[in-house]
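If you want the building blocks of each chain, they are given just below.
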Amino acid sequence: GRFSGGVINMITKSGGNDFSGSFRANFTNDAWTRETPREVTAGTTRQDKLNQNYEGTFGGPVLRDRAWFFAAGRWQETDAQTNLEETNVPFTTTTKNERFELKGTGAIVPGHTVMANYIRNTTEATRLPFAFTIDPLIPENLEQPNNLGVVSYNGVISDRMLATFQVSQKKFGFRGSGG
């Protein structure tokens, strides 16, 4: 190609022999910030609604030094208030997102691993179809179901040869939006 450089292939360990995890919660509220000069001119008061976003992970061994698992999830429900560009009328965009991931990794023998991964990520939103919309009564209800499954194998065949096989399937939808 048009680029020079080198390629380094390696198979890293996936998973650990200790259980670990994390949890995070984020909260936002439009009422916690001041109105813009444009909102002040229009007499807009920001809505007082708590937006919530929770995220967590957990992983560890199934069989010490042989098999590991990892799980992650996110739940988000937010409302964001804006004023329409031309009419200065307030409109609230709502978004709900739920994401879940589960991954399993196994070491068949040293240098050979298999991995299976599944991700489910769905989004539902109520929003305006265009940024320059002047009528707040024409929202669209968007749905984006998204599922991904992956199974893979990585192995060291010799000092000069690696093997990687992967099979995956993705199902993605885009509903309730567009013309």
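Structural data are supplied above this passage.
Residues numbered from 1 in each chain as written. Predicted model: local features only at pLDDT ≥ 70, side-chain atom pairs only at ≥ 80, totals over all residues. Heavy atoms only, no water.

1. Thoughts on the overall build of the protein
Looking only at helices and strands, the protein has one helix and eight strands in total. In the protein, the succession of helices and strands from N to C terminus is β-α-β-β-β-β-β-β-β. By the compact-globule yardstick of 16 Å for 179 residues, the protein is too spread out, its C-alpha radius of gyration being 23 Å. Dimensions of the protein along its principal axes, counting C-alpha atoms only, are 70 × 45 × 30 Å. Split into buried and exposed, the 179 residues of the protein put 27% on the buried side. In the protein, of all internal contacts separated by at least 6 residues, the share reaching a separation of at least 24 is 56%. Taken as a whole, the protein presents about 12400 Å² of accessible surface, with 56% of it coming from carbon and sulfur. When the 19 basic and 18 acidic side-chain charges of the protein are each reduced to a single mean position, those positions are 11 Å apart. (Helix = DSSP H or I, 4+ residues; strand = E, 2+ residues; numbered from the N terminus. Rg over C-alpha atoms; globule rule 2.2 N^0.38 Å. Buried < 20%, exposed > 50% of the residue type's maximum accessible area, 1.4 Å probe, protein only. Contact = heavy atoms within 4.5 Å. Areas by Shrake-Rupley, 256 points an atom, 1.4 Å probe, with all protein chains shown as cover. Lys, Arg positive; Asp, Glu negative; His and termini not counted. Charge placed at Lys NZ, Arg CZ, Asp CG, Glu CD.)

2. Describing the pairing of strand S2 (residues 51-63)
Pairing of strand S1 (residues 20-28) with S2, which is carried by nine bridges, proceeds in the antiparallel orientation. From the neighbouring strand, Ser 20 faces S2, where its bridge partner is Gly 59. Pairing geometry for S2 and strand S3 (residues 67-83), over 11 bridges, is antiparallel. From the neighbouring strand, Pro 61 faces S3, where its bridge partner is Trp 68. Counting the residues in the hairpin turn of S2 and S3 gives three residues, including Asp 65, whose phi is positive at 65 degrees. (Pairing = 2+ DSSP bridges.)

3. Considering the packing of aromatic side chains
In the structure shown here, the tally under the stated rule is eight aromatic pairs. Relative to Trp 75, the ring of Tyr 54 lies with its centre 5.8 Å away and its plane at 25 degrees, an arrangement referred to as stacked. Taken as a pair, Tyr 54 in strand S2 and Trp 75 in strand S3 lie far apart in primary sequence, 21 residues in all. Assessed through its relative accessible area of 26%, Tyr 54 is described here as partly exposed. Trp 75 sits in the partly exposed class, given a relative accessible area of 28%. Note on Tyr 153 and Phe 165: the rings are 5.9 Å apart at their centroids and 25 degrees apart in plane angle, and the pair reads as stacked. Separated by 12 residues along the polypeptide, Tyr 153 in strand S7 (residues 146-158) and Phe 165 in strand S8 (residues 161-172) bring together distant segments of the chain. (Phe/Tyr/Trp six-rings, centres within 6.5 Å; stacked < 30°, edge-to-face > 60°.)

4. Structural notes on the pairing of S7
When strand S5 (residues 112-127) meets S7, the two strands line up antiparallel, connected through nine bridges. Note that in S7 the partner of Thr 113 across the bridge is Asn 154. In this structure, S7 lies alongside S8, joined through 12 bridges in antiparallel fashion. By the bridge assignment for S8, Asn 146 is matched with Phe 172. Following S7, the chain reverses through two residues before pairing antiparallel with S8.

5. Digging into the pattern of salt bridges
Close approach of charged atoms lets side chains of opposite charge pair. Counted by the stated rule, this structure contains six salt bridges. A salt bridge links Glu 55 to Arg 24; the nearest nitrogen and oxygen atoms lie 3.1 Å apart. Here the residue Glu 55 occupies a position in strand S2, and Arg 24 occupies one in strand S1, the gap between them amounting to 31 residues. Among the salt bridges present, the one from Asp 79 reaches Lys 49, with a minimum N-O distance of 3.8 Å. In this pair, Asp 79 sits in strand S3 while Lys 49 sits in the loop between helix H1 (37-42) and S2, placing the two residues 30 residues apart along the sequence. Residue classification places Asp 79 among the buried residues on the basis of a relative accessible area of 14%. Given a relative accessible area of 29%, Lys 49 falls into the partly exposed group. (Salt bridge = Lys/Arg side-chain N within 4 Å of Asp/Glu carboxyl O.)

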